[in-house]
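Report on the structure
In case you want the letters, here they are:
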Amino acid sequence: MSNKVALVTGASSGIGESTALRLQKAGFTVYGAARRVDRMGALAAAGVRTLALDVTDGTSAKHAIGRIIEDEGRIDVLVNNAGYGSYGALEDVPLDEARAQIDVNLFGLARLTQLVLPHMRAQRSGTIVNISSMGGRFATPMGAWYHASKFAVEGLSDALRLELKRFHIDVVLIEPGSIRTEWGGIAAGKLRTISGRGPYAEQAEAMAKSLESSTQGARMTSPPSVIADAVTKAATTRRPRIRYRVGFGARPLILLSRLLPARAFDTLIKRGAGVPA
């Protein structure tokens, strides 16, 4: 595995940091990328090669991929993990914020993928791992733009998988459930700022508390390592699964979203989040 090279975006904390360390342990040469290199000191100390990368900036993305190719001559695994959750009632969210959400979660992912594909095609091998969410399969209140971005990641990945099969490049979706990271607290803060007052305030506060508990509690969450393990399995197996549903709640909730009538599932989600009818 020593000649295999992986790039993990959003590697400064949480899922990205855990994934970079796990891939390194599996024998990859790992590049961890994030906007702030200073937050990746622990990765650098562990031997992960760190890169400054803003996935919304084309020049930054080209520079990062160019450096990896210059240093290593190849790239075998791209883990598109960079992303965030922008929550707020659709009526309240400024369209500039909506565009920023889509730019990071969707176009940033597409931008990096476009840059690595010529190299993977030349190798006739590679694995692209897109970190989606169980929220790419069903929606929760106040998360219209976040869910729109993740639903789009699912569709993009499915189309890309069909395009790349002939080049022996695998496309894998990871659909995390509730994972213990900073994500929920950040999303809750945005939600309170955008919709904490006005007609959606009651729903916003209930959903903000749900977001916080979904990523900060110990009992009903999973550690980032379960996602790191799934990514590493996808990157090292000869024939990876198309979708990995891992982390607390992912499998049962995705299954229920397919089996229950839409109105019944709506009721389940709102009750689970404590959102008033």
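One can find the structure itself at the top, above this paragraph.
Structural notes, computed from the coordinates. Here the residue numbering is sequential within each chain, running from 1 through the sequence in written order. Two thresholds apply to this predicted model, a pLDDT of at least 70 for residue-level local features and 80 or more for giving and counting side-chain atom pairs, whereas whole-chain, interface and lining totals are computed over all residues. Hydrogens and water are ignored here; the side-chain numbers use all heavy atoms of the structure.

A word on the packing of aromatic side chains. Two rings belonging to Phe, Tyr or Trp (six-membered ring only in the last case) form a pair when the distance between their centres is within 6.5 Å. Interplanar angles under 30 degrees mark stacking, angles over 60 mark edge-to-face geometry, and anything in between is tilted. For the structure on display, the rule yields four aromatic pairs. Judged by centre distance (6.0 Å) and plane angle (85°), the ring pair of Tyr-87 and Trp-183 falls under edge-to-face. Here Tyr-87 is found in the loop between strand E4 (77-80) and helix H4 (95-123), whereas its partner Trp-183 is found in helix H6 (residues 183-195), with 96 residues between them in sequence. Residue burial is assigned from relative accessible area. The probe radius is 1.4 Å, only protein chains are included, and a residue is buried under 20% of its type maximum, exposed over 50%, and partly exposed in between. A relative accessible area of 24% places Trp-183 in the partly exposed class. Members of the aromatic cluster, joined through ring pairs, are Tyr-87, Tyr-146 and Trp-183. Taking NZ or CZ as reference, Arg-121 lies 5.8 Å from the ring centre of Phe-167, over its face. Secondary structure elements are defined from DSSP: runs of H or I of at least 4 residues count as helices, runs of E of at least 2 residues count as strands, and each element is numbered from the N terminus. Any Lys NZ or Arg CZ found within 6 Å of a ring centre and within 35 degrees of that ring's normal is scored as a charge over the ring.

Bringing the environment of Ser-133 into the picture now. Checked against the element boundaries, Ser-133 lands in the loop between strand E5 (126-131) and helix H5 (144-164). Taking C-alpha positions, Ser-133 is 8.7 Å from Leu-173, a pair spaced 40 residues apart along the chain. Not counting chain neighbours up to four residues away, the residues in contact with Ser-133 comprise Tyr-146, Lys-150, Glu-154, Ile-174, Glu-175 and Pro-176. Here a residue-residue contact requires only that any non-hydrogen atoms of the pair lie within 4.5 Å.

Along the polypeptide, Ser-157 turns up in helix H5. Whenever a nitrogen or oxygen atom comes within 3.5 Å of another N or O atom, the pair is scored as a polar contact, on the condition that within protein one atom can donate a hydrogen and the other can accept it, and that pairs from neighbouring residues in sequence are kept only if both atoms are in side chains. Within the local environment of Ser-157, its side chain forms a polar contact with the backbone oxygen of Val-153, the two atoms lying 2.7 Å apart. The residues contacting Ser-157, other than those within four sequence positions of it, are Asn-130, Val-171 and Leu-173.

Moving on, we get to the pairing of E5. Remark: a regular strand shows side chains that alternate across the two faces of the sheet. Buried residues dominate E5, accounting for six of its six residues. Burial along E5 is two-sided: the face carrying Gly-126, Ile-128 and Asn-130 and the face carrying Thr-127, Val-129 and Ile-131 are both buried. As judged from the four bridges shared by E4 and E5, these two strands associate in the parallel manner. The residue bridging Leu-78 from the neighbouring strand is Ile-128, located in E5. Criterion used throughout: strands pair if DSSP finds at least two bridges between them. Bridge analysis of E5 against strand E6 (residues 169-176) gives six bridges, and the strand direction is parallel. Bridging from a neighbouring strand, Gly-126 pairs with Ile-169 of E6. By definition, the crossover connecting two strands over a helix is right-handed if that path, from the first strand to the second, turns clockwise as seen with the strands pointing away from the viewer. Remark: the E5/H5/E6 crossover connection has right-handed handedness.

As a further point, take the environment of Val-8. Within the secondary structure layout, Val-8 lies in strand E1 (residues 5-9). The exposure class assigned to Val-8 is buried, which follows from its relative accessible area of 0%. In the structure, Val-8 is positioned 87 residues away from Leu-95 in sequence and 29 Å away in space, judged by C-alpha atoms. Look past the residues within four positions of Val-8 in its chain and what remains in contact with it is Gly-16, Thr-19, Ala-20, Leu-23, Val-30, Tyr-31, Gly-32, Ala-33 and Val-79.

Our next topic: the nonpolar core. Only buried residues count toward a nonpolar core, which is a set of Ala, Val, Leu, Ile, Met, Phe, Trp, Tyr and Cys residues joined through side-chain atoms within 4.5 Å. Ranked by size, the top nonpolar core spans 26 residues in total, and within it Leu-23, Val-79, Ile-174 and Ile-227 carry the most contacts. At the level of secondary structure, the elements contributing two or more residues to this core comprise E1, helix H1 (14-25), strand E2 (29-34), E4, E5, E6, helix H8 (225-236) and strand E7 (243-246). Here the element with the most residues in this core is H8; it accounts for five residues. Leaving out residues up to four positions away in the same chain, Ile-227 has contacts with Ile-15, Ile-131, Ile-174, Pro-176, Ile-179 and Val-246. Listed in part, the 25 residues of the second largest apolar core include Leu-7, Tyr-31, Val-116 and Leu-160.

Right, let's get into the sheet that holds E5. Taken together, seven strands build an open sheet; the order of strands is E3-E2-E1-E4-E5-E6-E7 and the sheet is parallel. Each edge of the open sheet carries a strand with a single partner, namely strand E3 (49-52) and E7. Direction aside, neighbouring strands of the sheet carry axes that sit 20° apart on average. Orientation is described by axes fitted as lines to C-alpha atoms, over the contacting stretch for helices, and by angles from 0 to 180 degrees between their N-to-C directions. Sheet strands in contact with H4 are E1, E4, E5 and E6, and its direction is about 175° off that of E4. Packing against the sheet, H8 makes contact with E4, E5, E6 and E7, and its axis sits at approximately 160° to E7.

The next subject is a nonpolar patch on the surface. Each patch is built from salt-bridge-free residues with over 30% relative accessible area, joining like charges within 9 Å and nonpolar side chains (Val, Leu, Ile, Met, Phe, Trp, Tyr) within 5 Å. Method for areas: the Shrake-Rupley scheme with a 1.4 Å probe, in which residue coverage is limited to the protein chains shown. Definition used for salt bridges: Asp or Glu carboxyl oxygen within 4 Å of a side-chain nitrogen of Lys or Arg. A contiguous nonpolar surface patch, about 200 Å² in accessible area, is contributed by Leu-256, Leu-260 and Leu-268. Relative to the helices and strands, Leu-260 is located in the loop between helix H9 (250-259) and helix H10 (262-273). Classification of Leu-260 as partly exposed rests on a relative accessible area of 31%.

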